[in-house]
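Overview (structure and organization)
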Amino acid sequence: MLADIVDRLRCPICRRPVRQAVTTVGCEQGHSFDVARQGYVSLLAGSQPPGTADTPAMVAARAAFLAAGHYAPLARAVAATVAALSPEFVVDAGAGTGYYLAETLDAVPGATGMAFDISKHAVKRAARAHERAGAFVADVWQPLPIADGVADVVLDVFAPRNGPEFARILRPGGTLVVVTPAPGHLSPLVAELGLLSVDEAKEERVARSLAGFAETGRQEVRFGMELSPEEIAQVVGMGPSAWHTDMSHLMERLAKFPDLTATQAVFHLSTFSALS
């Protein structure tokens, strides 16, 4: 719930602590932000709408695909990695629907979670993902409306990485957990459908974005999936390929696919510590 995390939030305008009233969150300077009926608050500073936020259709596709359990092996691997760290407070950056945070909190009894995403459509779901999690809308590329040194763990699953801000909100000795797609992810769909692939510079970009961190561990998470044409449309529609794909044309092509298609999921799951 939002009340569980509000003491760790900061006003996105003046950076002062905030308090929650019945229908608002505000600071002593009078900056106030409405709490939505779904239980989240938008802490986006300024009036410019984000251009890269997931759309309702993308969020619906992700929710349906994840609910079917296709990425459950990855969620379990993330949860086990975080549980081994025995955190009390976990921040999920670019949390989407809160799926991975909820799995993590189930594995760490007593821990509290904070989820944020730039898409209000995703945050509506994240706000209800777990009873020990609160959610808000924020842009990972901007100064985060989060107090210094409050997170034992920061999760970043398929989300942009703001290394300096992650280092700021982590407590000394805290851990950043990052998941990225690896080469071979969603094969053979990438080749057959012309989807965006994991480019060769991916590892270099991750390292550059986390220049203030040292990688302390890495594992490859690989598993097979049997996907129907409808589920293939979901996995395409929930990711970056959705921005470059004509979904009506995609469905026409998928009508020619077999009932089930063997598909590979391949991820890198890494842990990082901030350099002192």
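Structure report, in brief.

1. Section: the overall build of the protein
When its secondary structure is counted, the protein shows 9 helices and 11 strands. Computed over C-alpha atoms, the radius of gyration of the protein comes to 19 Å, within 12% of the 19 Å expected from 2.2 N^0.38 for 276 residues, which places it in the range of a compact globule. Summarising its shape, the C-alpha atoms of the protein cover approximately 60 × 40 × 35 Å along the three principal directions. Within the protein, buried positions represent 53% of all 276 residues. Contacts in the protein between residues far apart in sequence, at least 24 positions, make up 65% of those at least 6 positions apart. When the accessible area of the protein is evaluated, it comes to approximately 12800 Å², of which 52% is carbon and sulfur surface.

2. Remarks on the side chain of Asp156
Relative to the elements of secondary structure, Asp156 occurs in strand S8 (residues 151-157). For the buried Asp156, no salt bridge is present, and the opposite-charge side chain at shortest range is Arg161, 4.4 Å distant. For Asp156, the side chain forms a polar contact with the main-chain nitrogen of Ala159, separated by 3.5 Å.

3. Some thoughts on the environment of Thr175
Relative to the assigned elements, Thr175 resides in strand S9 (residues 170-181). Its relative accessible area of 11% is what places Thr175 among the buried residues. Taking the C-alpha atoms as reference points, Thr175 and Thr271, 96 residues apart in sequence, are found 6.6 Å from one another.

4. Remarks on the nonpolar core
Core analysis: the largest hydrophobic core is formed by 52 residues, its most contacted members being Tyr71, Leu193 and Val235. Among the elements that take part in this core, helix H2 (residues 72-83) stands out by supplying 6 residues, more than any other. Excluding residues within four positions of it along the chain, Leu193 makes contact with Ile232, Val236, Leu250, Arg253, Leu254 and Phe257.

5. With respect to the packing of aromatic side chains
Between two aromatic rings, the relevant description is the distance of the centres plus the angle of the planes. Evaluation of the coordinates by the stated rule reveals 9 aromatic pairs. Summarising the aromatic geometry, the rings of Tyr99 and Tyr100 are spaced 4.9 Å apart at their centres and angled 80° between planes, so their arrangement reads as edge-to-face. Of the two residues, Tyr99 and Tyr100, neither departs from the other in class, the shared state being buried. Seen in terms of ring centroids, Phe223 and Phe267 are 6.0 Å apart; in terms of plane orientation they differ by 35°. Their pairing is tilted. Residue Phe223 is located in strand S10 (residues 213-227), and its partner Phe267 is located in strand S11 (residues 261-274); the two are separated by 44 residues in the primary sequence.

6. Some points on the sheet that holds strand S3 (residues 32-34)
Consider a sheet: its strands pair through backbone hydrogen bonds, and that pairing is either parallel or antiparallel. The 3 strands lie next to each other as S1-S2-S3, forming an open sheet whose pairing is antiparallel. Two strands in the sheet have a free side with no partner beyond their single neighbour: strand S1 (18-20) and S3. The average undirected angle you get between the axes of adjacent strands in this sheet is 20°. As paired elements, S1 and strand S2 (residues 24-27) share 3 bridges and run antiparallel to each other. Bridge pairing in S2 links Val18 to Cys27.

Reading the values: rules and limits
Residues numbered from 1 in each chain as written. Predicted model: local features only at pLDDT ≥ 70, side-chain atom pairs only at ≥ 80, totals over all residues. Heavy atoms only, no water. Helix = DSSP H or I, 4+ residues; strand = E, 2+ residues; numbered from the N terminus. Rg over C-alpha atoms; globule rule 2.2 N^0.38 Å. Buried < 20%, exposed > 50% of the residue type's maximum accessible area, 1.4 Å probe, protein only. Contact = heavy atoms within 4.5 Å. Areas by Shrake-Rupley, 256 points an atom, 1.4 Å probe, with all protein chains shown as cover. Lys, Arg positive; Asp, Glu negative; His and termini not counted. Salt bridge = Lys/Arg side-chain N within 4 Å of Asp/Glu carboxyl O. Polar contact = N/O pair within 3.5 Å; in protein donor to acceptor, adjacent residues only side chain to side chain. Core = buried A, V, L, I, M, F, W, Y, C linked by side-chain atoms within 4.5 Å. Phe/Tyr/Trp six-rings, centres within 6.5 Å; stacked < 30°, edge-to-face > 60°. Pairing = 2+ DSSP bridges. Axes fitted to C-alpha atoms, helices over the stretch in contact; angles between N-to-C directions.

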